[in-house]
Amino acid sequence: MGEVDEAFIQAVEHRPKLTITEAEGIPLIDLSISNSNSIEALVEEIGDASKNWGFFQVINHGVPFETREKLELASRKFFAQATEEKLKVRRDEVNPLGYYETELTKNVRDWKEVYDLAVKNPTVIPTSPEASDNGLQELVNQWPEYPSELRVAYEEDAKEMEKLAYKLLELISLSLGLPANRLSEFFNNHTSISRLNHYPTCPIPNLALGVGRHKDGGALIILAQDDVGGLQVKRKTDGEWVQVRPTPHAYIVNVGDIIQVWSNERYESVEHRVMVNSEKERFSMRFSFNPNHDVMVEPLEELITEQNPAKYRAYNWGKFFANRRRSNFKKLGVENIQISHFKITEE
């Protein structure tokens, strides 16, 4: 990534400012239950954070630090290899799991390299986004020769992240006034994907982004970032891009598009992006908690009333996922599929 290709250059209106606004107020939530921190108070905190920010950080989350550290060290070893070694496990349009270095966001190339892994191995998804195609395919993880410990480190971490995701899902369900297990049924054969990210140092941090502005299409996203930082969230109150300061051992959580639809917009999936750094490389690990491929995503009937009718038509998650996957490879003439395409317009 030493040479600067024009494909990385953001349009003028989307270029990052190098003066950073630190995100004051992104909630830091303690997930432990005690006499001073009741389940009711915790549910209320989760609900407020989901409504007002769409993002929050969690501590005392139950994930052992050693588990996270092992995977981060293995990730650093993998990305430190020569490009030709990494390309041996490169993903393609048939199998979207593995290494990739030329991903696009909003048709602009991101300044990053990634390694994608399914949580359930194999994971079943539709063969194509076409409604007429009923074909399914199994996604199978590719494992590199080096580092040999990456597979075990990943599988241990994925188990812990899955447990945390279910815990957060229950808290979000309770915060919507629903039974704790109301949303769990959609995840029996979930299609969750983990991603190891590496953002190399960038000579043009004022022109390029590690990841361009976007919203996450899944249900819940859990991020572990290193101490370099770079994640920016578009603040709902004023549209300002604000940086999420790294908190040691915390995870950053954001609600995705699916929860926006399920909650009938009580909670909102918020736009975010990743800055790059001219002096320091950055590493992060992202867990995207996604439902079964056959789930039809639509506002939950308990949250629909005459005063608050359904704001979205139902859509199939697997087809949505397959469509999004395609746009990561090809520069499309149009923006890729969004939940706004299923929005019910008021007459």
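Calculation criteria
- Residues numbered from 1 in each chain as written.
- Predicted model: local features only at pLDDT ≥ 70, side-chain atom pairs only at ≥ 80, totals over all residues.
- Heavy atoms only, no water.
- UniProt positions renumbered as here; feature names shortened; annotations may be inferred.
- Pairing = 2+ DSSP bridges.
- Helix = DSSP H or I, 4+ residues; strand = E, 2+ residues; numbered from the N terminus.
- Axes fitted to C-alpha atoms, helices over the stretch in contact; angles between N-to-C directions.
- Contact = heavy atoms within 4.5 Å.
- Buried < 20%, exposed > 50% of the residue type's maximum accessible area, 1.4 Å probe, protein only.
- 1 Å grid on protein atoms, 1.4 Å probe; cavity = no way out; pocket = protein on both sides within 12 Å on 5 of 7 lines; lining within 4 Å.
- Points joined across faces, edges and corners; volume = space filled by probe spheres on them.
- Nonpolar A, V, L, I, M, F, W, Y, C, P; charged D, E, K, R; others polar.

By the naming in an unreviewed UniProt entry, the protein chain is Fe2OG dioxygenase domain-containing protein, taken from Rhododendron griersonianum. Per UniProt, the comment on the protein chain under Sequence similarities (unreviewed entry) is "Belongs to the iron/ascorbate-dependent oxidoreductase family."

## Remarks on the sheet that holds strand 16 (residues 282–289)
Strand pairing in a sheet relies on backbone hydrogen bonds, with the paired strands running either antiparallel or parallel. Pairing is mixed in the open sheet, where eight strands are placed in the order 1-2-14-11-16-9-6-3. Taken across any chain shown, the strands that pair with only one partner, and hence form the sheet edges, are strand 1 (28–30) and strand 3 (98–100). Strand-to-strand twist across the sheet, computed as the mean angle between neighbouring axes with direction ignored, equals 25°. In terms of strand pairing, strand 3 meets strand 6 (residues 113–118) through three bridges, oriented antiparallel. Residue pairing for strand 6: tyrosine 99 is matched across the bridge by tyrosine 115. Set on the sheet, helix 2 (residues 65–79) makes contact with strand 3, strand 6, strand 9 (193–199), strand 11 (220–225), strand 14 (251–255) and strand 16; between it and strand 16 the angle comes to about 120°. Along the sheet face, helix 4 (residues 150–175) touches strand 2 (55–59), strand 6, strand 9, strand 11, strand 14 and strand 16 and points at about 130° away from the line of strand 11.

## Digging into the environment of valine 43
If you trace the backbone, valine 43 turns up in helix 1 (residues 39–52). Since its relative accessible area comes to 12%, valine 43 is described here as buried. Through-space distance from the C-alpha of valine 43 to that of lysine 163 is 17 Å; in sequence the pair is 120 residues apart. Look past the residues within four positions of valine 43 in its chain and what remains in contact with it is Leu171, Leu174 and Ser175.

## Comments concerning the pairing of strand 14
The element strand 14 is largely enclosed, with a buried count of five among its five residues. Here strand 14 shows no split at all, with Tyr251, Val253 and Val255 on one side and Ile252 and Asn254 on the other all buried. By the bridge criterion, four bridges tie strand 2 to strand 14 in an arrangement that is antiparallel. The residue bridging phenylalanine 55 from the neighbouring strand is asparagine 254, located in strand 14. One ladder, built from four bridges, connects strand 11 with strand 14; its direction is antiparallel. Each residue of the ladder has a partner; that of leucine 220, found in strand 14, is valine 255.

## Concerning the UniProt feature "domain: Fe2OG dioxygenase" (unreviewed entry) in the protein chain
Taken from the UniProt record, the annotation "domain: Fe2OG dioxygenase" (unreviewed entry) applies to residues 189–291. Across residues 189–291, the secondary structure splits into 6% helix and 39% strand, with the terminal C-alpha atoms separated by 7 Å.

## Some words on empty space enclosed by the protein
Applying the stated criterion across every chain, the model contains three cavities of 30 Å³ or more. There is about 80 Å³ of room inside the largest cavity. As for the largest cavity, its lining consists of 13 residues, of which Leu71, Asp157, Met161, Met285 and Arg286 are closest to the centre. Elements with a minimum of two residues in the lining of the largest cavity: helix 4, strand 9, strand 11 and strand 16. A breakdown of the residues in the lining of the largest cavity according to their chemical character gives nine nonpolar, one polar and three charged. Taken as a whole, the second largest cavity spans an internal volume of roughly 60 Å³. Contributing to the lining of the second largest cavity are Arg68, Glu72, Ser75, Ala224, Gln225, Asp226, Phe283, Ser284 and Met285. Of all elements in the fold, only helix 2, strand 11 and strand 16 reach the threshold of two or more residues within the lining of the second largest cavity. Of the residues contributing to the lining of the second largest cavity, the split by class is three nonpolar, three polar and three charged.

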